[in-house]
Amino acid sequence: MDYIEFPKLGIHMEIGPIAVENLFGTQIDIRWYGIFIAFAIMLSLMIGMKQSKKFNIKEDDLIDMFLLVLPVSIVFARLFFVVFTWQDFKNDLLGVFRIWEGGLAIYGALIGGALSLILFCKKRKVDVLNFFDFACVYLPFAQAIGRWGNFTNQELYGFPTNLPWGMTGSRIGDIPVHPTFLYESVLNLIIFVVLLKLRQNKKVKGSVFAAYLMSYSLIRFMLEFVRTDEFGSGNIRYNQIVAAIVFMAAFIWLIYLIKRSNRIALKENNENVELEQ
């Protein structure tokens, strides 16, 4: 029987990766990982639809965007993971398609999602940066929920720890480890709240999306020092390298956006002065 414990907190849960075995007498199992991911996506979409009108986003555009971006993001997230962990799949090619077992890389999802969203906005002739600023707010919210799928899979945990919240489990072992899924879940919720405030008071288009990329990349970079999963080569951790690149790129892009916004504002101000004269 699978179980997860927080020994020093006196918490014991008998839970494993599978929520429902042999659904309706078939050989299909429903996994908690898939349930958490699906719940995170649907809840984020519902919240986004309720707030879309405030930001001049049509509900139809939001739903259509979702139907396009979601599958593309999942494919890219899986491909990103598979490419960097190819040694686990080279002798099991069918395993590439078993995404319900875990193995979706957020940076792959961001790449696929960004590309498909740009194409969508160009075709619908809607403001790309405005759409990015609106939609990106819900990414950390969905990620915060989705990380609990890693919890039930007993994966992506950290090094051994003596902290009160050290976690053990039937798949983890009896030595308490850092529950890095929980760290990231909490930090993502904080990012979500911050982005909501930034979006509400936004003065520069694209700045909210840039803030998301920077803030999430920062926490991923830091958490990689604690995580023990083998997503790298030797002492090189791929996610840490990607996080550093994304952070710097987003920072440079944010500076560019601010300078461009200031130039536009200055130009409009000068034109207004000329008209008044």
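Overview of the structure.

Rules used in this analysis
Residues numbered from 1 in each chain as written. Predicted model: local features only at pLDDT ≥ 70, side-chain atom pairs only at ≥ 80, totals over all residues. Heavy atoms only, no water. Pairing = 2+ DSSP bridges. Helix = DSSP H or I, 4+ residues; strand = E, 2+ residues; numbered from the N terminus. Axes fitted to C-alpha atoms, helices over the stretch in contact; angles between N-to-C directions. Parallel < 35°, antiparallel > 145°, perpendicular 65-115°, else oblique. Contact = heavy atoms within 4.5 Å. Nonpolar A, V, L, I, M, F, W, Y, C, P; charged D, E, K, R; others polar. Phe/Tyr/Trp six-rings, centres within 6.5 Å; stacked < 30°, edge-to-face > 60°. Buried < 20%, exposed > 50% of the residue type's maximum accessible area, 1.4 Å probe, protein only. Lys NZ or Arg CZ within 6 Å of the ring centre and 35° of its normal. Polar contact = N/O pair within 3.5 Å; in protein donor to acceptor, adjacent residues only side chain to side chain.

## Considering the sheet that holds strand β6 (residues 173-177)
Spatial strand order, β2-β1-β5-β6: four strands in an open sheet with antiparallel pairing. In the strand order of this sheet, the two ends are held by β2 (11-13) and β6, each with one partner. With direction set aside, neighbouring strand axes in the sheet form an average angle of 20°. Note: strand β1 (residues 4-6) against strand β5 (residues 167-169), two bridges, orientation antiparallel. Bridge pairing in β5 places I4 opposite G169.

## Examining the packing of helix α5 (residues 138-153) against helix α7 (residues 207-223)
Packing of α5 against α7 brings their axes to within 11 Å, and their N-to-C directions diverge by 30°. As judged from the angle between their axes, α5 and α7 are roughly parallel. Seen from α5, the contacting residues are L139, P140, Q143 and R147; seen from α7, they are Y212, Y216 and R220. Considered class by class, the residues forming the contact of α5 with α7 number four nonpolar, one polar and two charged.

## Focus on the packing of aromatic side chains
Within this structure, the stated rule accounts for 15 aromatic pairs. Taken together, a centroid distance of 4.6 Å and an interplanar angle of 40° make the contact between F132 and F209 tilted. Taken as a pair, F132 in helix α4 (residues 128-135) and F209 in helix α7 lie far apart in primary sequence, 77 residues in all. A relative accessible area of 11% places F209 in the buried class. Here the aromatic rings of F134 and Y138 are separated by 5.5 Å at their centres, their planes lie at 70°, and the arrangement is edge-to-face. An aromatic cluster is defined as three or more aromatic residues linked by ring pairs; in this entry it consists of F6, W148, F151 and F181. The ring centre of F55 lies 4.3 Å from the NZ or CZ of R199, which sits over that ring.

## A look at the side chain of N153
Within the fold, N153 resides in helix α5. When its relative accessible area of 9% is taken as the criterion, N153 is described as buried. Within polar-contact distance, the side chain of N153 engages the side chain of E155 at 3.1 Å.

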